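Notes for the structure review
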Amino acid sequence: MYYFIVNPGSRSGNGKYVWQKAERILDQEDVEYRVYFTAYRTHATELAAEITARTERLTLIAVGGDGTVNEVINGIRDFSRVTLGYIPTGSSNDFARCMGLPTDTEAAVQNILHPTHFDKIDLGLMELGGQKRYFAVSCGCGFDAAVCHEALHSRIKNLLNRLHLGKLTYVGIALKQLVLCKPGSATITLSNGKSKTYSKAYFVSGMNCHCEGGGLKLAPHADIHDGFLDIFVVNRLGKLLIALMLPTAYAGFHTIFPGVHIFRARSAEVAVTGTLPLHTDGETCLMEDTVKMACCPQILTLIAAGKNA
């Protein structure tokens, strides 16, 4: 039995058509499955919690974007009893990119129905004000979270998605937010007790995957199996240089810019001045004072890409 959680509204409604194609394949192969459709934000979390309340081991498939994956993993009751599959339909699909998963619908469905490889992967865990939230791709505060927040409510994103140019949403919004954002002080305390203070930090990200924002390789050497987060910081870098830096991040060349800092940590506490936007896999909220980020090693079993994916 396969359990599918489908976000029909992902990529401006493209998720609905992806599911229709996937459903035809499932019916042709006479597969036993149940499908649940999300109707509002956080619904996938509720559905995943309901499905995984069962005592048996099961295969749970997320059909949507990175945000849908985020909601699903945060609803799983017991990771040891769940195998996760993923059919990407989003604008950025950074989790699929990181894991090398097929983005073609038929290939993705066949990879789930006839898996040849399973992977145990790390998840990140964010703790804010007593609340905890897992993330698969990244967690960040400041500039990148502001970009994610606007992208969630962007009319331009809907238009670009229809033109199959959804990745450009993040580029345009990033340039706009770059003009608006103001750097602030951030102190990062690592699990070994050492701390680093950045006086003019634009953003701080905890990277579980090597990329976010539609392929920006912010942490080119991040490894989803190593038990560490790669902490990415941009500090004391002029806005013009940041504008020049961002395009180079698609190739991972941005690390040559002064003010770009990357280091590994099992966990980190980030204390900032004022109130900043915060995101986990693009899902946003507001952060005040302090947020904790940690890596949960090899906690999730994933249907990984086959050799020919």
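Attention in this report is confined to the structure presented alongside it.

The rules we used
- Residues numbered from 1 in each chain as written.
- Predicted model: local features only at pLDDT ≥ 70, side-chain atom pairs only at ≥ 80, totals over all residues.
- Heavy atoms only, no water.
- Helix = DSSP H or I, 4+ residues; strand = E, 2+ residues; numbered from the N terminus.
- Pairing = 2+ DSSP bridges.
- Buried < 20%, exposed > 50% of the residue type's maximum accessible area, 1.4 Å probe, protein only.
- Arc of directions from axis to C-beta.
- Contact = heavy atoms within 4.5 Å.
- 1 Å grid on protein atoms, 1.4 Å probe; cavity = no way out; pocket = protein on both sides within 12 Å on 5 of 7 lines; lining within 4 Å.
- Points joined across faces, edges and corners; volume = space filled by probe spheres on them.
- Polar contact = N/O pair within 3.5 Å; in protein donor to acceptor, adjacent residues only side chain to side chain.
- Salt bridge = Lys/Arg side-chain N within 4 Å of Asp/Glu carboxyl O.

Its identity as a non-glycine residue notwithstanding, Asp30 has a phi of 55°, on the positive side. A positive phi is found at Thr42, a non-glycine position, where the angle reads about 75°. Structurally, the position occupied by Thr42 is in the loop between strand E2 (33–37) and helix H2 (43–51).

This paragraph deals with the pairing of strand E9 (residues 195–207). Pairing between strand E7 (residues 138–142) and E9: five bridges, direction antiparallel. Across the sheet, the residue bridging to Gly140 is Ser205, located in E9. Relative to E9, strand E8 (residues 184–190) runs antiparallel, the two sharing five bridges. Across the sheet, Ala186 pairs through a bridge with Tyr198, a residue of E9. If you look at the hairpin formed by E8 and E9, you'll find four residues sitting between the two strands, and Gly193 has a positive phi there, around 90°. Bridging between E9 and strand E10 (residues 229–235) involves six bridges; their strand directions are antiparallel.

Below, the discussion takes up helix H9 (residues 239–248). Among all positions in H9, only Ile242, Met245 and Leu246 are buried. The buried residues of H9 occupy an angular sector of 100° when the element is viewed end-on, so they sit on one face.

The next point concerns the environment of Gly206. Position of Gly206 among the secondary structure elements: in strand E9. Between the C-alpha atoms of Gly206 and Phe263, which are 57 residues apart in sequence, the distance is 9.8 Å. Excluding residues within four positions of it along the chain, Gly206 makes contact with Phe135, Val137, Ser138, Cys139, Asp230, Ile231 and Met293.

Here the structure, examined in full by the defined rule, presents one cavity of 30 Å³ or more. In this model, the largest cavity occupies a volume close to 40 Å³. Taken together, Gly85, Tyr86, Leu101, Pro102, Ala108, Asn111, Ile112 and Ile303 make up the lining of the largest cavity. For the lining of the largest cavity, the elements supplying multiple residues, two or more each, are strand E4 (82–88) and helix H5 (105–113). Here the lining of the largest cavity takes three residues from H5, the largest share from any one element.

Moving on, we come to the side chain of Ser138. Looking at where Ser138 falls in the secondary structure, it is placed in strand E7. Assessed through its relative accessible area of 1%, Ser138 is described here as buried. At 2.5 Å, the side chain of Ser138 and the side chain of Glu212 are in polar contact. If we ignore the near neighbours within four places in the chain, the residues touching Ser138 are Gly206, Met207, Asn208, Glu212, His279, Thr280 and Asp281.

Scanning all chains against the criterion turns up four salt bridges. The residue Glu283 makes a salt bridge to Arg41 at a minimum N-O spacing of 3.2 Å. With a gap of 242 residues between them, Glu283 in strand E13 (residues 283–303) and Arg41 in the loop between E2 and H2 connect regions that are remote in the sequence. Residue class for Glu283 comes out buried when judged on its relative accessible area of 13%. Residue class for Arg41 comes out partly exposed when judged on its relative accessible area of 43%. For Asp226, the salt bridge identified is with Arg264, shortest N-O distance 3.1 Å. On the criterion of sequence distance, the pair formed by Asp226 in the loop between E9 and E10 and Arg264 in strand E11 (residues 260–265) is long-range, its members being 38 residues apart. By relative accessible area, which is 45% here, Arg264 ends up partly exposed.

As defined by bridge partners, strand E5 (residues 118–128) adjoins strand E6 (residues 131–135) across five bridges and the pair is classed as antiparallel. Looking at the pairing, Leu125 lines up with Tyr134 of E6. Following E5, the chain reverses through two residues before pairing antiparallel with E6; Gly129 in that reversal takes a positive phi of roughly 55°.

If you check which residues of H5 are buried, you get Thr105, Ala108, Val109, Asn111, Ile112 and Leu113. At the N-terminal end of H5, a side-chain oxygen is found 3.3 Å from the backbone nitrogen of Glu106, two or three residues along, and the residue is Asp104.

Turning next to the environment of Val69. Residue placement: Val69 occurs in helix H3 (residues 66–73). Judged by relative accessible area, which is 2%, Val69 ranks as buried. Residues Val69 and Asn93 lie 24 residues apart in sequence; the distance between their C-alpha atoms is 9.9 Å. In this view, Val69 contacts Ala62, Tyr86, Phe95 and Ala136; residues no more than four positions away in its chain are not counted.

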